[in-house]
Each structure stands twice: as C-alpha cells, then as structure tokens.
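Coordinates in review
Here is what each chain is made of, one letter per residue.
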Amino acid sequence: MKTFNQTVSDFLVLSNDSSGTTLAKTLINIGTHKVLSLSDWSFLKDSKSISSGTGVQNYNPPYNMAKMEYVNYWYGGVWYTPKEIRDGETWTQLTAVSTVTSAIPQYWYISNRTHKIGLCPASTNSKGTIKMGFTKKIRDFSVSDYSTGSISASANGTIFTGTSTNWTDLMAGRFLQVSAGTTVAHGYWFEITAVGSSTSLNVKESIPTDISAGTYTISETIPLPDGFEDIPLWYALNQYYQMKEKPVLAREYGIMYKEGIQDLLMRDSRSVTGLIEKDEPISMYDVNSNPWTIGTIQ
C-alpha cells in the first residue's frame, strides 16, 4: 500500500522539479481517476451491514458509495434477497400504504434525490440485518498525513483509542498505519470506517495484538492493489514530460503506464474468473430454497 503523499514525493524526485507539488497532485489525481474509470474493478467492491429498525423504511447508504449493487436481508437464520425497484413511480405505488409492515422486505429502491435505501415493506422489528453491496466512490486526494499523539488498542478489536489526538469525521475512508515497535501490527494498514470522536475511531480489520502508546500515521492511499500503486505516477510523469516537450521520457513513462494497466486488467480478471454464479434469480423469500444452477464466469 502506498500513500498519496509518498507518490507526490516520488513524482518530485523523478521529475527533478521540486516546485511542482501542486501540478503533481493534480496529475496524480487525474491519473488515479482515469485508471478507475477503465473497468468495473473488483477491488472497488465493498459491503456494509446495518440493523433494521422497527417501522423504518429508508436507510442511509454507505458514505463512500458510488453505486449500489445489491441488498440482502438476514432474518431468522436465513438470507433473503429483495427485488430491486428501478423507477420512482413503481416505488411510490408500493409504498403508498405506510402501515404495511413485514419481518422480511420484498423490494428495495435507491432514491435519486435523497440517495437513501428504501425497503418495502418496512420492518416490523429490529432483528434483521441489512447487507448493502456497493462500488466505492474515490474522491480527490489532497490532505497531509496525520500522526499527532499516540494510539492504544485491544487485541481482536476494531477500535483505536487516541491520546492527544484530534481525529475528525473526514478521516473515514483513509488508512491508519501502526508503528508500534515490535508488535505484529507494526507496519500494517487499517481502513478507517468511522470516527466516533476526536480520540476514538473504528477500523475495518481486526487488530491482531494489544497496542499501548503506539505511534501511527493516518494517510490517503492510492486505491489500487499492492504492486500497482505506481500506475497513476507513470501517467502523471507521462503528462508532465509531454508538457515539457521531452518526448523520449514521455514515451517511456507512457509505455510503463500502459503495461501497468494491462497487468492490472489481467490481475483483476483472474480474481473473478471461475467464480460460481447462478443462472436463476434468488427467491426474495428464501434464498436457501432455490436449487443452484452452477456456471462459471468466462
């Protein structure tokens, strides 16, 4: 995993242009978004689970959602798959009678206006689990790394506690790297999912060991798999040397960028080839009652 600011530093070294920080940030952001727009990348897929609410019909989507892919519902030890409603008129008709409730929703809908996820019928209790699968949205990178204060954590937990820290909600989606000396967590990155307060934050991964008064860094990272994080850098340097009218260097970095893209496409295709998929839709009532038709992605 490579931070955005490290990538900017590498650009300044390779371009031998110490005054080009602003241009570097712009070109690397452009290169990152260009790469992400080239395919429906598997590494941008994510999911979030929340509890249902009694009588609640609309739920907030994940903060970093670009596109909702599916909604599943866990109730009574069974996964259910509500049917997606794609137009507002049909959804309005389905939800016209607000008093209709059920333990198991049959439909879901995402509003183009509010971006909330609607379930119909609304839940009769708070015992269900809503799992939302989505494609992540990547924003422009710009902020400095943050490492003020120290951190503590308990083994197998997902909460870091800070001392003399000033963490903010805007840090959700960034990554925290532990520098806790000889612990097994040293050097590992944890994705921040929520910031509870200026001294408490949640991460996606389980923390493998106790940490006490550890040092750390919170950074924006290039959202590409390990080994491919430099592709936006090659794009940025290609564009830079085109602007400087140095065709030989521009061509070399252009070749590196294109080869990186091809390797990334091959890597991503291998990550999904051979997965089992179903030819028939899952029942909205009981996914476990459907016979499986097995096929593979070609």
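Keep in mind the model is a prediction, meaning the values are calculated, not measured.

Concerning the overall build of the chain
Helix and strand counts for the chain stand at five helices and 18 strands. Counting over 298 residues, the chain shows a buried share of 41%. For the chain, long-range pairs separated by at least 24 residues make up 67% of all intrachain contacts whose partners lie at least 6 apart in sequence. Total accessible area computed for the chain in this model is approximately 16000 Å², and 51% of it derives from carbon and sulfur atoms.

Some thoughts on the sheet that holds strand 7 (residues 107-110)
Taken together, the four strands give an open sheet; going across it, the order is 2-8-7-5, and neighbouring strands pair in mixed fashion. The open sheet has two edge strands, strand 2 (58-59) and strand 5 (83-84), and neither has a second partner. Examined bridge by bridge, strand 5 and strand 7 share two bridges and lie parallel to one another. Directly across from lysine 83, in strand 7, lies its bridge partner tyrosine 107.

Observations regarding the environment of asparagine 60
Mapped onto the elements of the fold, asparagine 60 is located in the loop between strand 2 and strand 3 (65-75). Along the sequence, asparagine 60 and lysine 116 sit 56 residues apart, while their C-alpha atoms lie 5.0 Å from each other. Apart from residues lying up to four places away in sequence, asparagine 60 is in contact with Lys116 and Met132. Only 2.4 Å separates the side chain of asparagine 60 from the side chain of lysine 116, close enough to count as a polar contact.

Considering the sheet that holds strand 15 (residues 200-203)
Spatial ordering of the closed barrel is given by 11-12-15-14-13-16, a layout of six strands whose pairing is antiparallel. Taking each pair of neighbouring strands and ignoring which way they run, the sheet shows an average axis angle of 45°. Direction of pairing for strand 12 (residues 159-163) relative to strand 15: antiparallel, over a ladder of three bridges. Its bridge partner being in strand 15, threonine 161 is matched across the sheet by serine 200.

What to know about the pattern of salt bridges
Tallied over the entire structure, the rule returns seven salt bridges. Measuring nitrogen to oxygen at the nearest pair gives 2.6 Å for the salt bridge that ties aspartate 40 to lysine 45. Classification of aspartate 40 as exposed rests on a relative accessible area of 54%. On the accessibility criterion, lysine 45 (32% relative accessible area) is partly exposed. In this structure, arginine 86 engages glutamate 84 in a salt bridge whose closest nitrogen and oxygen atoms are separated by 3.3 Å. Overlapping salt bridges bring together Lys2, Asp10 and Asp230 as one network.

Regarding the packing of helix 2 (residues 21-36) against helix 4 (residues 231-243)
Put simply, helix 2 and helix 4 touch, their axes get as near as 8 Å, and they point 125° apart. By the criterion of interaxial angle, the relationship of helix 2 to helix 4 is oblique. Here helix 2 and helix 4 pass one another in a crossing that is right-handed. Residues Leu23, Leu27, Ile28, Ile30, Gly31, Thr32, Lys34 and Val35 of helix 2 touch helix 4, and the partners they reach there are Ile231, Pro232, Tyr235, Ala236, Gln239, Tyr240 and Met243. Of the residues in the contact of helix 2 with helix 4, the class split is 11 nonpolar, three polar and one charged.

Notes on helix 4
The terminal C-alpha atoms of helix 4, which comprises 13 residues, lie 19 Å apart, in line with the 18 Å expected from a rise of 1.5 Å per residue. Those residues of helix 4 lying buried are Ile231, Pro232, Leu233, Trp234, Tyr235, Ala236, Leu237, Asn238, Tyr240 and Tyr241. Phi for glutamate 245, located one or two positions after helix 4, is positive at around 55°.

Description of the confidence of the model for the chain
Across the chain, the average pLDDT comes to 89, with 90% of residues at 70 or higher. Confidence over residues 275-298 falls short of pLDDT 50; this stretch has 44 contacts with residues more than four positions distant or in other chains.

Considerations on unusual backbone geometry
Leave glycine aside and you will find that most residues have negative phi; peptide bonds, for their part, are mostly trans. The residue after cysteine 120, namely proline 121, is reached through a cis peptide bond having omega -5°. By the element assignment, proline 121 lies in the loop between strand 8 (117-120) and strand 9 (122-123). Unusually for a residue other than glycine, asparagine 16 sits at a positive phi of about 55°. Within the fold, asparagine 16 resides in the loop between helix 1 (4-15) and helix 2. Positive phi values are uncommon outside glycine, yet asparagine 156 reaches one of about 70°. Among the secondary structure elements, asparagine 156 is positioned in the loop between strand 11 (150-153) and strand 12. Look at asparagine 156 and you get exposed, because its relative accessible area is 63%.

Scoring rules and cut-offs
- Residues numbered from 1 in each chain as written.
- Predicted model: local features only at pLDDT ≥ 70, side-chain atom pairs only at ≥ 80, totals over all residues.
- Heavy atoms only, no water.
- Helix = DSSP H or I, 4+ residues; strand = E, 2+ residues; numbered from the N terminus.
- Buried < 20%, exposed > 50% of the residue type's maximum accessible area, 1.4 Å probe, protein only.
- Contact = heavy atoms within 4.5 Å.
- Areas by Shrake-Rupley, 256 points an atom, 1.4 Å probe, with all protein chains shown as cover.
- Pairing = 2+ DSSP bridges.
- Polar contact = N/O pair within 3.5 Å; in protein donor to acceptor, adjacent residues only side chain to side chain.
- Axes fitted to C-alpha atoms, helices over the stretch in contact; angles between N-to-C directions.
- Salt bridge = Lys/Arg side-chain N within 4 Å of Asp/Glu carboxyl O.
- Parallel < 35°, antiparallel > 145°, perpendicular 65-115°, else oblique.
- Left-handed = near helix turned anticlockwise from the far one by under 90°.
- Nonpolar A, V, L, I, M, F, W, Y, C, P; charged D, E, K, R; others polar.
- Expected span 1.5 Å × (residues − 1).
- pLDDT = per-residue confidence, 0-100.

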